[in-house]
Amino acid sequence: MIRVNDVIDKISEYHPEADLGIIERAYIYSARVHEGQVRLSGEPYLSHPLEVAGILTDMKLDAISVAAGFLHDVIEDTHAAPEDIEALFGPEVRHIVSGVTKLSSLTFHSSRARQAESLRKMFLAMADDIRVILIKLADRLHNMRTLEFHKPNKRKKIARETLDIYAPIAARLGIYWIKNELEETSFKHLQPDEYTRIQNLVAKSRAEREKYMQTVKDFIQKKMDESNLSCEVLGRNKNYFSIFNKMISQNLPFEEIYDIIAFRIILDSISHCYEALGLIHSMWKPIDHKFKDYVARPKPNMYQSLHTTVIGPYGERMEIQIRTWDMDRVAKSGIAAHWSYKEGQRIDEQVGEKIGWIQDLVENQENFLDPGEFLENVRIDLFQDEVYVFTPRGEIKTLPNGATPVDFAYMIHTEVGNQCTGAKVNGQLVQLSHQLATGDIVEITTTNNHHPSKDWLKFVKTVKARSKIRHWIKTQEKERSISLGREMLEKAFRKERLNFNAYMKTEQMADVGSHFGFKSVEDLMANVGYGKITPLQVVRKIAPKEEPDTSQESIFNKLVGRVTRKKRLKDGVLVKGVDDILIRFGKCCQPVPGDSIIGYITRGYGVTVHRTNCTNALRMNPERQIEVEWNQGAAETYPVKIQIISHDRVGLLADVVGNISKYGANILNASSETRENKMVDSYFTIGVEDTNHLDKILSAVRKVKLVQDVRRVG
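Please read these numbers as outputs of a predicted model, since none were measured by experiment. (Residues numbered from 1 in each chain as written. Predicted model: local features only at pLDDT ≥ 70, side-chain atom pairs only at ≥ 80, totals over all residues. Heavy atoms only, no water.)

Considerations on the packing of helix H1 (residues 4-14) against helix H4 (residues 63-71)
Look at H1 against H4: their axes get within 11 Å of each other, and the N-to-C directions meet at 165°. Considering the angle they form, H1 stands roughly antiparallel to H4. Where H1 crosses over H4, the handedness of that crossing is right-handed. Across from Val4, Val7, Ile11 and Tyr14 in H1, the residues of H4 making contact are Ala63, Val66 and Phe70. (Axes fitted to C-alpha atoms, helices over the stretch in contact; angles between N-to-C directions. Helix = DSSP H or I, 4+ residues; strand = E, 2+ residues; numbered from the N terminus. Parallel < 35°, antiparallel > 145°, perpendicular 65-115°, else oblique. Left-handed = near helix turned anticlockwise from the far one by under 90°. Contact = heavy atoms within 4.5 Å.)

Shown next as structure tokens:
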């Protein structure tokens with residue numbers, strides 16, 4: 001276990017004028033309030049803040065950050081209050097620690113909602129002070145290093161969140177060493193069989209690769225020496241997660257992955273970098289479309305380097321990165337390499353612009369109240385390969401790969417996006433769904449009184465565009481629902497010889513709205529129109545009767561087309577507040593017990609159940625959502641489609657079917673196709689009891705000889 005003196009020694013090396021007193025006080029306070037607490041590993045809890053502080057010194061952060069690292073869990077896990085932190089350590093430390101603290105003390109209707117709000121809170125805090133996320137990354141890194149002490153289900157949940165959220169954040173901040181370790185550890189716990197398989201394959205060829213690496217390094221060093229270029233030549237093996245992704249994305253076996261080794265040349269100046277690039281291309285033939293100049297056009301996370309792929313000395317593809325020493329420092333440390341919080345200064349303006357995407361992320365997400373939608377949009381925002389396009393005036397705009405003119409229009413201004421009717425790219429008319437490429441000059445045509453189309457949601461890539469389009473559609477649907485709800489209420493009130501318009505602005509009607517959980521009478525009318533409550537329920541609150549009138553059919557049943565059935569114990573899903581409604585499952589995502597689910601009122605079909613992260617469900621109007629849950633007493637099987645990618649061989653399908661049947665899963669449908677490269681795509685629809693049953697089957701199929709990957713489809 002790291003000691004506090006190790007932390008102090010490290011920060012003294014790179015920041016001799018640091019306020020070591022605040023670090024020592026933070027350590028003593030953390031030790032006192034965490035006294036008696038033990039981690040799952042059996043170690044004293046204090047070992048965790050010590051390790052986090054150590055990671056922060058590896059990132060060369062300031063004294064305030066290291067002190068906050070010692071204190072990052074005290075509000076959440078001890079009796080300490082934010083006011084205590086501010087009194088003892090100042091407002092800066094309080095702000096950072098509060099930003100890192102999860103929302104564990106508040107009540108939410110689901111763990112997913114808690115996760116979404118904790119992330120939303122963290123993004124708001126990091127937009128104001130980037131140190132919040134740097135400490136959170138250090139915290140997550142140490143937690144991942146000790147993940148094996150959690151139960152299997154908890155391990156997978158934490159690893160999935162790390163891979164979806166924290167590794168991409170580390171990448172966007174340019175801290176690649178943390179990003180790589182988070183990805184590697186997540187991969188190890190999410191797919192242990194694949195991790196072990198690739199680990200063994202890499203180990204088998206290690207000696208041969210090391211010999212090859214040294215040969216290539218010698219070739220490069222000799223060429224640089226001949227031109228009097230002082231440099232260091234490095235070779236490295238890519239991590240297992242990167243290798244696995246290449247095998248899947250390119251449908252290649254391990255033996256055919258060409259760039260398991262990457263080479264790096266580090267030089268003294270930018271001019272030397274371009275000279276070295278010329279020398280490399282004179283030695284080995286470059287692959288044109290694989291060259292990327294991140295020196296002239298740095299990545300948004302400030303990463304700079306020249307990337308080229310060449311046909312190497314033995315006819316193989318080989319990736320080489322060329323950079324200066326300063327670029328190498330930034331590539332390793334990212335945002336932390338540009339730190340300027342010393343002596344009370346704020347981060348400099350240029351670096352502030354580079355992390356402007358955080359503010360965009362906060363603004364893009366502020367209107368998304370549904371936790372599933374929020375989490376999905378955060379993932380979209382974080383997983384971005386960028387393209388760089390130009391306005392007609394020559395301004396550069398950065399968009400995610402696959403972005404369209406509609407995304408570009410919304411980036412310029414919301415009204416430009418809403419009124420977009422056409423686009424020119426490089427002077428040529430294109431469809432609004434056209435995918436932009438780096439270097440394109442984009443011109444948008446607008447028309448007054450034009451409105452967004454729901455079809456745009458099928459191709460836009462940015463969260464901003466999607467949120468603005470959905471906001472407009474939701475506004476239109478709400479207006480229609482208010483009109484429909486008002487009409488239905490007027491009719492229901494007339495049947496009781498009451499005047500709805502006379503009651504509408506009364507305090508009594510406002511109280512009825514509050515009773516059903518709505519802030520205004522307008523919201524009440526809208527939800528009658530949506531079908532969430534019936535007009536009769538409103539009438540009975542205004543004019544109650546001793547005997548309830550059952551002659552009027554529920555508008556909910558009208559909405560779903562009068563298709564109902566009596567709820568039986570064996571029904572797999574229960575709908576909150578409704579006993580007799582037809583349930584069907586979305587074919588797009590095929591939910592099974594164990595999945596987080598949500599229901600949507602569907603005209604003519606009852607309630608359709610989707611997984612909460614289903615892309616089709618996320619496009620639906622959240623006003624039509626209804627809470628559903630799995631019936632724990634049900635004993636049913638549910639269809640799930642899986643895809644199996646493998647190399648062709650005799651007896652392959654027999655072995656796959658045998659492993660599926662071994663776990664008692666019924667095969668409902670099967671198809672298989674062999675491609676020209678002898679790879680086989682197989683699709684099976686199988687009946688499973690829950691996600692644990694499915695995981696066991698997928699794990700068993702992965703062990704079949706020559707199976708490359710197995711995944712759930714939908």
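What to know about the environment of isoleucine 28
Mapped onto the elements of the fold, isoleucine 28 is located in helix H2 (residues 20-33). A relative accessible area of 54% places isoleucine 28 in the exposed class. On a C-alpha basis, the gap between isoleucine 28 and phenylalanine 70 in space is 9.2 Å, while along the polypeptide they are 42 residues apart. (Buried < 20%, exposed > 50% of the residue type's maximum accessible area, 1.4 Å probe, protein only.)

Let's talk about the state of the cysteines
Taken as a whole and assessed by the stated rule, the structure comprises zero disulfides. Cysteine 614 supplies the cysteine sulfur nearest to cysteine 589, a cysteine that is in no disulfide, at a spacing of 3.8 Å. (Disulfide = S-S within 2.5 Å.)

Things to note about the packing of aromatic side chains
Using the criterion set out here, one finds 16 aromatic pairs in the structure. Ring plane angle 15° and centroid distance 6.0 Å describe the contact between phenylalanine 585 and tryptophan 630, whose orientation is recorded as stacked. Of the two residues, phenylalanine 585 is situated in strand E12 (residues 583-585) and tryptophan 630 in strand E16 (residues 628-630); the sequence distance between them amounts to 45 residues. Note on phenylalanine 585: relative accessible area 30%, which makes it partly exposed. Three or more aromatic residues joined by ring pairs form one cluster here, namely Phe187, Tyr195, Tyr240, Phe241 and Phe244. (Phe/Tyr/Trp six-rings, centres within 6.5 Å; stacked < 30°, edge-to-face > 60°.)

Considering helix H29 (residues 652-662)
Of the positions making up H29, those classed as buried are Leu652, Val656, Asn659 and Ile660. Down the axis of H29, the buried set is contained in an arc of 100°. They therefore lie on one face. Exposed residues lying more than 90 degrees from the buried face of H29 are Ala654 and Lys662. Residues of H29 that are buried make contact with strand E17 (638-647), strand E18 (666-674), strand E19 (679-688), helix H30 (691-702) and strand E20 (707-713). One or two residues past the end of H29 sits glycine 664, with phi positive at roughly 75°. (Arc of directions from axis to C-beta.)

A closer look at the sheet that holds E20
Neighbouring strands of a sheet are bound in pairs by backbone hydrogen bonds; such pairs are parallel or else antiparallel. Read across the open sheet, the four strands follow the order E18-E19-E17-E20; overall the sheet is antiparallel. Each edge of the open sheet carries a strand with a single partner, namely E18 and E20. Each strand of the sheet is rotated relative to its neighbour by a mean of 20°, with strand direction disregarded. Bridge count between E18 and E19: eight bridges; the pairing is antiparallel. Note on E19: the bridge partner recorded for glutamate 673 is aspartate 681. (Pairing = 2+ DSSP bridges.)

Quick notes on the nonpolar core
Ranked by size, the top nonpolar core spans 74 residues in total, and within it Val66, Phe70 and Val93 carry the most contacts. Once you skip the residues sitting within four places of it in the chain, phenylalanine 70 turns out to touch Val4, Val7, Ile23, Ala26, Tyr27, Ser30, Pro49, Leu50 and Ala53. (Core = buried A, V, L, I, M, F, W, Y, C linked by side-chain atoms within 4.5 Å.)

What to know about unusual backbone geometry
At asparagine 449, a residue that is not glycine, the phi angle is positive and equals roughly 65°. We classify asparagine 449 as exposed; its relative accessible area is 69%. If you check the backbone angles, glutamine 590 has positive phi at about 45° while not being a glycine. Structurally, glutamine 590 is set in the loop between E12 and strand E13 (597-602). Classification of glutamine 590 as buried rests on a relative accessible area of 18%.

Notes on the pairing of strand E14 (residues 606-611)
Look at any regular strand and the pattern is simple: side chains alternate between the two faces of the sheet. The buried fraction of E14 amounts to six of the six residues, a majority that puts the element mostly inside the structure. Pairing between E12 and E14: three bridges, direction parallel. Across the sheet, residue isoleucine 583 finds its bridge partner in E14, namely valine 607.

Details of the side chain of histidine 693
As for its placement among the helices and strands, histidine 693 is situated in helix H30. For histidine 693, a relative accessible area of 9% translates into the label buried. Excluding anything up to four places from it in sequence, histidine 693 contacts Tyr663, Gly664, Ala665, Gly687 and Val688.

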